[in-house]
Structure formats: C-alpha cells, structure tokens
Amino acid sequence: MAVAEKKELKKRVRLSRFWCVYAVVTAAAVLSVVIFLQVVKSRLAEYEDAQPKYVAEEVFDRYFRPIDYEKLLADARYDASGADESEIAEYLREEIGDSELTCSMGLSGAAGETRYLVKAGEKQLASIVLKVSDQKTAHGFDTYEFSYLTLHLNTDEPQPESLPVTVEAPASCLIAVDGAPISEEFFVSEYLKTDAMEFYPPDIAGVEYAVYVLEPQKDHTFEIAVTDAQGQPVEVNFDEASNTYTADLPYSGELEEEYAEFVIEAMQGYSQYIQASASVSLGSIKPYFDTESEAYADVVAVGGDRWMVKEWSGVEFKDLTIGEFYAYTPEIFSCHISFTQVLHRDGREDYTDVVDKYVFLHRTENGYRIYAWHNG
C-alpha cells in the first residue's frame, strides 16, 4: 500500500472515530435533557395529585352530586335541636331550592386540617374537613384524607362579612393586609393555577399560587395589596360571592423595557424572511433564536417554502402592539406581539399578513432567546 493511501486511511479512521464520539456525546446530552424534563413533569404531577382539593371533590361527589340525604344524615355531624331526619332533609331541600351546589376552600380549622365549604348559592350548608394523612408521596409531599363532615343547620342566610376572606397570589409575590405583611399563620396551601395564562411555554403547566385565609371581622373590610418581588403593585380582583381576592400574574415592566425592541425586531424580521425578503436572510434573524429550539426549527422549515412567494417591492408594518411581559421563573418569560405586515407589489394588489403570537424566551449563554411560540 502506498504511503499516500495509508495516510488517507488513517485520516478516514480518525474522522470516523470523531463522528462516533460526537454522536455518542450528543445522544447522551439529549437523553439527559429528556430525562430531566420527565423528572420535572413527574414531580409537578405528583405535587398536583397530592393537593387536598381532589379529596374534597371526592367527598363532595359522594354526598352531594347528587345529594344523598340518607347517607348525608347518617354520616355527618350536626345539631338538629330535636328535629328528626325527615325534618332536617326537608329543611335542606328548602335551603337548596334551585341553587347549584358548589364546593370551595374555606377557613382552616385546627392544625393540619383543611376545610372546604359546601354552598347552595350564598348559603353555607356544610363543611368538609380534611386532615393531613400519615402517608406522603414518593418525594415527601403531604397527602390528605377525609376527616369528617359537618352540616350547618341555620335558617339565617350568612352575610358576606361572615365568610372567610381568601387571598390567592403568585407564590413569588408579597401580600399586605391593612398595610402590614400577611402573617404565615394564615397560610393554607399552594396550588398550580393552570388558568393564570392563556398559553404556557413547554414544560410549564401553570403558575404556583399561595393561598391564605383570614378570619372575618365584624364591621371590618380588609385592605389587600399585592406587590411583585421588585415592589411593583400587582392587580388584585375581588369576588364578592366567595369573598376571595385573587392577584394577577405580575407584569414585568423591566422585561418590557429591555426586550420589547428585541422581540419586535425578531418577529418583524421573521415575518419578512418567510415572505422571501431579499434583505432578510436566515443568518440575520438567527441571533434572536435559540438555535436548538423547536421555534428555530420552525423558522428553518418554513424558509424552505420561500421559493413559492411572489416578489414584492416594499414592506410596511401597521397596528403594532406588544405587551403581556410575564416571568414564569428567573429563566423564562413570555410576551404577546401582534402587527399587520403589508407587502407592496408593483402593479399588483398589496398582500396583507397578520402576525399574532405569544413568544416565549429563555436564558441561554448568549442571553434570553426565543425558543417557543404560540399563535394568538
């Protein structure tokens, strides 16, 4: 074998080994990420499944959906004041009337207990009391079990101020009651609020909310204020029927100020690129994206269809709005952008394209980059 052939063979062997090692390392990295994401999903699901609301729902279904008077009166605690079971059942029927029965978290009782109220409209009919069980989940989360059920046999309709005051806010926020930080003694639980946002980035199912319950005080209305970690006020909504204050997800003016122009440039560049702009290449919009993400893969895939787009001579952007900057974690945030792109074509009708997307960015070694999105 000639010397040149031997050198060429060695070179091929070295290249072959390099690509084998590269493939193994890449596969191991991808597998690690997949395993990590599965662990996160599993932990979130485990935590969610351990929440007391599911036990309360089971008890509610057992006795009240539909209402089983015989079983209810046999198992519940109540003070009948001498009335027999038929009289109590008739009283409950009158109290319920055509109202829908509901179950919602109420004022906590003794340590380790969680109470849920059963109501017919505004009338409190019963309390479902749960307690922390001796069993924990595989990763140490508390679980709950049914303790007892109490009927409220009172002909007087409860006034709004007699209801417990519930405050729900993102766990990252600070809550003040009558101008002072809320006491941890009023903390009841945390839960994953899945309807806090219309869309979520991959692997995030909701926002962690903390729940506090305050004892009502006669002739006193609590002043509830919520602020984010930077001390900025967060909007709070009040539901009179349940006496519940619920804080929105904190809006980040800081993220808006720093990244609004970044997102605008990225999305307007993207919209021109997929319309085969001669001045916007894949390389020019690449720095706005995490190149390992699905969003960037979408850009690359759509770019393959640019040859089908008819030529145009100019572009105009109208009706631009950008906002809804929310941080889910210190590493991930989202915003909502929409605008109308008008492509001018010589001698032909303009082409109008509306872009409306929820854009998700996460931190990379190069700063925040777009890694996912959802059509609005």
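Residues numbered from 1 in each chain as written. Predicted model: local features only at pLDDT ≥ 70, side-chain atom pairs only at ≥ 80, totals over all residues. Heavy atoms only, no water.

(A) View of the overall build of the protein chain. Helices and strands together make up the secondary structure of the protein chain, namely 7 helices and 17 strands. Here the protein chain, with 376 residues, has 40% of them falling under the buried criterion. In the protein chain, the share of contacts with a sequence separation of at least 24, taken over all contacts with a separation of at least 6, comes to 59%. Surface accessibility of the protein chain: about 21800 Å² in total, with carbon and sulfur atoms responsible for 51%. (Helix = DSSP H or I, 4+ residues; strand = E, 2+ residues; numbered from the N terminus. Buried < 20%, exposed > 50% of the residue type's maximum accessible area, 1.4 Å probe, protein only. Contact = heavy atoms within 4.5 Å. Areas by Shrake-Rupley, 256 points an atom, 1.4 Å probe, with all protein chains shown as cover.)

(B) How the structure looks around the packing of aromatic side chains. Scanning the model with the defined rule gives 18 aromatic pairs in all. Centroid distance Tyr191 to Tyr209: 6.0 Å. Interplanar angle 40°. Geometry classified as tilted. One end of the pair, Tyr191, is in strand E8 (residues 187–193); the other, Tyr209, is in strand E9 (residues 207–214), with 18 residues separating them in the sequence. Each member of the pair Tyr191 and Tyr209 is classed as buried. (Phe/Tyr/Trp six-rings, centres within 6.5 Å; stacked < 30°, edge-to-face > 60°.)

(C) The environment of Asp298, seen in detail. Tracing the backbone shows Asp298 in helix H7 (residues 294–303). Sequence separation between Asp298 and Ala372 is 74 residues, and the spatial gap between their C-alpha atoms is 9.5 Å.

(D) Just the side chain of Gln51, in detail. By secondary structure assignment, the location of Gln51 is in the loop between helix H1 (3–49) and helix H2 (52–64). Classification of Gln51 as buried rests on a relative accessible area of 8%. Contacts of Gln51, omitting those with residues within four sequence positions, involve Glu190 and Tyr191.

(E) Representation of the sheet that holds strand E17 (residues 367–375). Spatially, E14-E15-E16-E17 is the arrangement adopted by the 4 strands of the open sheet, whose pairing is antiparallel. Each edge of the open sheet is held by one strand with a lone partner, namely strand E14 (314–329) and E17. Strand-to-strand, the axes of this sheet are offset by a mean angle of 25°, without reference to chain direction. Strand direction decides the pairing type here: E14 and strand E15 (residues 332–344), joined by 11 bridges, are antiparallel. The residue of E15 that forms the bridge with Glu316 is Val342. Packing of helix H5 (residues 253–273) onto the sheet brings it into contact with E14, E15, strand E16 (351–364) and E17, and relative to E14 it is tilted by some 135°. (Pairing = 2+ DSSP bridges. Axes fitted to C-alpha atoms, helices over the stretch in contact; angles between N-to-C directions.)

(F) Inspection of the nonpolar core at higher detail. Ranked by internal contacts, the top residues of the largest apolar core, which has 45 residues, are Phe64, Leu72, Leu92, Ile128, Leu149 and Tyr328. At 6 residues, the largest contribution of residues to this core is made by H2. In contact with Ile128, not counting residues within four places along its chain, are Ala56, Val59, Phe60, Cys103, Thr114, Arg115, Tyr116, Val118, Phe146, Tyr148 and Leu149. Listed in part, the 29 residues of the second largest apolar core include Ala266, Met267, Phe289 and Phe339. (Core = buried A, V, L, I, M, F, W, Y, C linked by side-chain atoms within 4.5 Å.)

(G) The arrangement of the pattern of salt bridges in detail. Considering all chains together, one arrives at 8 salt bridges under this definition. Measuring nitrogen to oxygen at the nearest pair gives 3.6 Å for the salt bridge that ties Lys71 to Asp75. With Lys71 and Asp75 both in helix H3 (residues 69–75) and 4 residues apart, this pair spans about one turn of that helix. For Lys71, a relative accessible area of 33% translates into the label partly exposed. (Salt bridge = Lys/Arg side-chain N within 4 Å of Asp/Glu carboxyl O.)

(H) Quick look at a negative patch on the surface. There is a patch of like negative charges on the surface, built from Asp68, Glu70, Asp84, Glu85 and Glu87. Summarising the element assignment, Glu87 is placed in helix H4 (residues 85–96). (Patch = residues over 30% accessible without salt bridge, like charges linked within 9 Å, V, L, I, M, F, W, Y side chains within 5 Å. Lys, Arg positive; Asp, Glu negative; His and termini not counted. Charge placed at Lys NZ, Arg CZ, Asp CG, Glu CD.)

(I) Structural view of the environment of Ile337. One can find Ile337 in strand E15. What makes Ile337 buried here is its relative accessible area of 0%. Sequence separation between Ile337 and Phe325 is 12 residues; the distance between their C-alpha atoms is 10.0 Å. Excluding residues within four positions of it along the chain, Ile337 makes contact with Val263, Ile264, Met267, Leu320, Thr321, Ile322, Val355, Asp356, Lys357 and Val359.

(J) Inspection of the sheet that holds strand E10 (residues 224–227) at higher detail. On the basis of which strands lie adjacent, the open sheet formed by 4 strands has the order E7-E6-E10-E11 and antiparallel pairing. Across the chains shown, the open sheet's two edge strands, defined by having one partner strand only, are strand E7 (180–181) and strand E11 (233–234). Note: strand E6 (residues 174–177) against E10, 4 bridges, orientation antiparallel. Paired with Ala176 across the two strands is Ala225, which belongs to E10.

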